[in-house]
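# Overview (structure and organization)
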Amino acid sequence: MSSNSESLDTFDAIILGTGLSESILAAALSRVGYSVLHLDRNTYYGELESTHSLNGLLNYTENHAERLSPPHTTLSLDGDQLSISLPVNSAPSITNLSYVTYNITDEERSLYLRGIRERDASITKSSASPEVSSTVESEANSGTDNSQSLNSTVELEGDKEVEKTTADAELAHKDETKLNPVLQTCISLDQEHGVCEEHKLAYLTKKSNKFILDLTPKLLFSRSEMIELLITSDVARYCEFRSVSQILTLRNHKDIEMVPCSRADIFSTKSLSMIEKRILMKVLTLCMNYEEKKSEFEAFLDKPFVEFLKFHKLTPSLMGYILDAIAMVSPAASLLQGLERTQLFLKSIGRYGPTPFLWPLYGGEINQAFCRMSAVFGGTYILNRTVSDIIISKHTSQVTHIVCNEGKEIKCKWLIVNADYTRNILSGAEQVAPSRQISRAIVVTSGSLRNTDGREETVLLSIPALDGASPPVTAIELGSSACVCPKDESNLRVVHLTTLSKGAAEDDLHEYVDLLFTRNEEENKPRMLLACYFNMPDYSEGGRLSPLHPTNLYITPGPDANINPDNSVLEAKRIFQELCPGAEFIPRPPNPEDIIYCDEQSKAQSPGESFAEEVSVNSATDQSAKEEDGQSQSDGSNNEYSSSTAQSDVVSHVTNQSDTCLESANQSPDDITKD
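The residue numbers shown here count from 1 along each chain, following its written sequence. It should be noted that, the model being predicted, local features are given only for residues of pLDDT at least 70 and side-chain atom pairs only at 80 or more, the latter also being counted only at that level, while totals for whole chains, interfaces and linings use all residues. With hydrogens and water set aside, each side-chain value is computed from the structure's full complement of heavy atoms.

Strands are runs of DSSP state E lasting at least two residues, helices are runs of H or I lasting at least four, and both sets are numbered from the N terminus onward. For the protein, the count of helices and strands is 22 helices and 25 strands. Whether a residue is buried, partly exposed or exposed follows from its accessible area with a 1.4 Å probe, protein chains only, as a fraction of its type maximum: under 20%, in between, or over 50%, in that order. Out of the 675 residues in the protein, the part that is buried amounts to 57%. Here the accessible surface of atoms and residues is derived via Shrake-Rupley with a 1.4 Å probe, and residues count as covered only by protein chains that are part of the display. Accessible surface computed for the protein: about 28800 Å², of which carbon and sulfur atoms make up 48%.

Take a look at the structure:
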């Protein structure tokens, strides 16, 4: 391990990419005393899980056009060292990016986007300088809350640049007709088409910085691995959430209906007969009690989940509710997979709201929250920095160091790499590449999918495949209260659509967009103002460089098509336990009042030992807290489907539909297990 006397070019762990898994690992390793260098090739956090403004998304392919198709990685042998040369100028793997706008032809759209790019060229060029952070060991030793320290160390110069960029952008918008004649032509097209002021493209791009658009939007189950980690690590203090108010499904490819989640919802819905309601209650209760009634499932253990549902005589509409909206699995899913997903859904109901889901405000803040914890405990962050070579010892089959693009060599004990960095690394005749792709669409609309009588709702919509054979589509509708679009009288919404790819994203999703939205104001649907389509890789299985895989090189998974990010948490935990067997995974930071400052002798100990001394003061308190949490989960019966109750640690960071803090996490509907 490193000490204060060691050179700054030696770290215990070097992490490439600031995706969710990498950010969690950075926090975990820094928290137990290891030195961490966290690099990202971009000027922003998140990799494929990043967020962008509207103009940033419109300009994505233009800014990354040359970087999206890098040459293949090469392998070379130099004496006792094997060098893997990475493409220096690479970018996240976003492909097939295209745009569709209301009433504007492809030629007009091309003119408009060219105008936007020319207008913003001088602005974006000034923000391309690297942002460098320094370690903040003094804050870690004092145990103080340094949520502001990370911003000051990582992005001290960046804040000034953002202010300048915003000011320049506003000035450009005030006089945009003089700056760009092409844009003036496109603005006149808006007037010819009779579009109201708030829905014009010029208005939307002027409000660009008010949009926070996720490349990979995620919802969190209230009892998911991610929520439990946020609570136990106290990273939740850096995050804010909003509970999802409704879960909808599309029936008969035309009718949007609410999915009954609670016992009260099931018996109050008018879309189901009384017999269907009783069957649905019986099946959900049976799924919830699988561990106690395994004998009733033995005949289906080697069969798909849908066979179990058919055996209990569920109607097609009921099977649609369970497969598409509750379990969210394909008809080919196994019984155990379907039961696991159904149980997670049911256990999460009532913990922080009427539905199982929470939406994290401000998009990629969860990634940055874990990066903040890493920086507080000594992590070093450098953005806009690429790695040109990974050097592997021929004798030990381990990574010895990396070479940055400016030629600087940095040694490490472990190298952790985002899977997207390895997409062009060759292993013999094979290329490491994801086996699946994800199709995404981000749609800006002028209204809600469902009439809410003026209330703004955060909605999850599950859409069965229109052709009966393709993967289902998940849609998430968000408004200004979710901090993704401007708050004004224009009633704007942002809708994220996600599915597994069969081809290009626009080919996969345009039928669903046309089904849900209209391009004019004549139909009784929300108006589609702008739709952005793109494909991205599904890195849910991570990757390996076998047979050349070094023993100290770990490849973390990227985003997948699931709406919850638990896979990233589990993979980060697995890698951490392999690196630090027996160590606690991101323990709660000690209170400043309880810290014992080490003397000179203890400072000479290894970081793990000295840190254990620091944390020992709180061990009894932490153990007591865990026992209380465990007791609360085993004694209560506030959840509708199980006997577990909610912890209240993260409640102050969750807002309900009235934008007020939830007073208690222990309020939940009736127990569904009652007759």
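Stacked, edge-to-face and tilted labels apply to pairs of Phe, Tyr and Trp rings (six-membered ring for Trp) whose centres lie within 6.5 Å, assigned for plane angles under 30 degrees, over 60, and everything in between, in that order. Evaluated as defined, the whole model comprises 10 aromatic pairs. When the ring of Tyr34 is compared with that of Trp414, the centres are 5.2 Å apart and the planes differ by 65 degrees; the resulting orientation is edge-to-face. With Tyr34 in the loop between α1 (20-31) and β2 (36-39) and Trp414 in strand β16 (residues 409-418), the pair connects residues that are 380 residues apart, well separated along the chain. Accessibility expressed as a relative area gives 14% for Tyr34, which makes it buried. Seen in terms of ring centroids, Phe300 and Phe308 are 5.7 Å apart; in terms of plane orientation they differ by 80 degrees. Their pairing is edge-to-face. Residue classification places Phe300 among the buried positions, given a relative accessible area of 7%. A network of ring pairs unites the aromatic residues Tyr290, Phe297, Phe300, Phe305, Phe308 and Phe311 as a single cluster. Sitting over the face of the ring of Tyr238, Arg372 holds its NZ or CZ atom 5.0 Å from the ring centroid. In this scheme, Lys NZ or Arg CZ marks a charge over a ring once it lies within 6 Å of the ring centre and within 35 degrees of the ring normal.

Most of the time, phi is negative for any residue but glycine, and the peptide bond is trans. For Asn96, which is not a glycine, the phi torsion comes out positive at approximately 55 degrees. Tracing the chain through its elements places Asn96 in strand β6 (residues 95-101). Judged by relative accessible area, which is 46%, Asn96 ranks as partly exposed. Unlike most non-glycine residues, Ile586 shows phi in positive territory, near 50 degrees. Topologically, Ile586 is positioned in the loop between α19 (566-579) and α20 (600-603).

Attention now moves to the pairing of β16. For β16, the buried fraction is high: 7 of the 10 residues fall into the buried class. The pairing of strand β1 (residues 10-16) with β16 spans 6 bridges and is parallel. Counted as the bridge partner of Ile15 is Ile416 from β16. Strand pairing is assigned whenever DSSP detects at least two bridges linking the two strands. As paired elements, strand β15 (residues 399-404) and β16 share 3 bridges and run antiparallel to each other. Directly across from Ile402, in β16, lies its bridge partner Ile410. Between the antiparallel neighbours β15 and β16 lie 4 residues, among them Gly407 with a positive phi of about 100 degrees. Bridge count for β16 against strand β24 (residues 553-556) is 4 bridges, and the pairing is parallel. The residue of β24 that forms the bridge with Ile416 is Tyr554.

Let us look at the confidence of the model for the protein. The pLDDT value expresses, per residue, how confident the predictor is, ranging between 0 and 100. When pLDDT is averaged across the protein, the result is 74; 65% of the residues are at 70 or more. The criterion used for residue contact is that any of the two residues' heavy atoms lie within 4.5 Å. The model gives residues 426-432 a pLDDT under 50, and that stretch makes 17 contacts with residues more than four places away or in other chains. Below pLDDT 50 for its whole length, residues 606-653 participates in 101 contacts with residues either more than four positions away or in separate chains.

With that settled, the discussion passes to the sheet that holds strand β10 (residues 246-251). Taken together, the 8 strands give an open sheet; going across it, the order is β6-β23-β19-β22-β21-β20-β10-β11, and neighbouring strands pair in mixed fashion. The strands lining the two open edges of the sheet, one partner per strand, are β6 and β11 (255-258). Mean inter-strand twist for the sheet, computed between neighbouring axes without regard to direction, equals 20 degrees. When strand β19 (residues 436-445) meets strand β22 (residues 493-500), the two strands line up antiparallel, connected through 8 bridges. Axis lines are fitted through C-alpha atoms, for helices just across the contact stretch, and the angle between N-to-C directions can take any value from 0 to 180 degrees.

A few words now on the nonpolar core. Nonpolar cores are built from buried Ala, Val, Leu, Ile, Met, Phe, Trp, Tyr and Cys residues. Side-chain atoms within 4.5 Å join them into one set. Ranked by size, the top nonpolar core spans 80 residues in total, and within it Phe305, Phe308 and Phe357 carry the most contacts. Among residues more than four places away in sequence, those in contact with Phe305 are Cys287, Ile322, Leu323, Ala327, Val329, Ala333, Ser334, Leu335, Gly338, Leu339 and Thr342. If you look at the next biggest cluster of nonpolar residues, it comprises 47 residues, including Val32, Val36, Cys239 and Met373.

Mapped onto the secondary structure, Val259 falls in the loop between β11 and α12 (263-268). Judged by its relative accessible area of 1%, Val259 is buried. Between the alpha carbons of Val259 and Thr249 there is a distance of 6.4 Å; along the sequence they are 10 residues apart. Setting aside its immediate chain neighbours within four residues, Val259 contacts Ile247, Leu248, Thr249, Tyr321, Ala325 and Ile326.

This brings us to the packing of helix α11 (residues 225-233) against α19. Between two packed helices, what matters for the description is the angle formed by their axes and the separation of those axes. Here α11 crosses α19 at 60 degrees, and the two axes come no closer than 8 Å. Here α11 is positioned oblique relative to α19, judged by the angle of their axes. Contact residues: α11 offers Glu225, Met226 and Leu229, while α19 offers Asp566, Val569, Leu570 and Lys573. The residue classification treats Ala, Val, Leu, Ile, Met, Phe, Trp, Tyr, Cys and Pro as nonpolar and Asp, Glu, Lys and Arg as charged. All others, Gly included, are polar. The residue inventory of the contact of α11 with α19, partitioned by class, reads 4 nonpolar, no polar and 3 charged. Geometric relationships in this document are graded by angle, where less than 35 degrees denotes roughly parallel, more than 145 denotes roughly antiparallel, 65 to 115 denotes roughly perpendicular, and other angles denote oblique.

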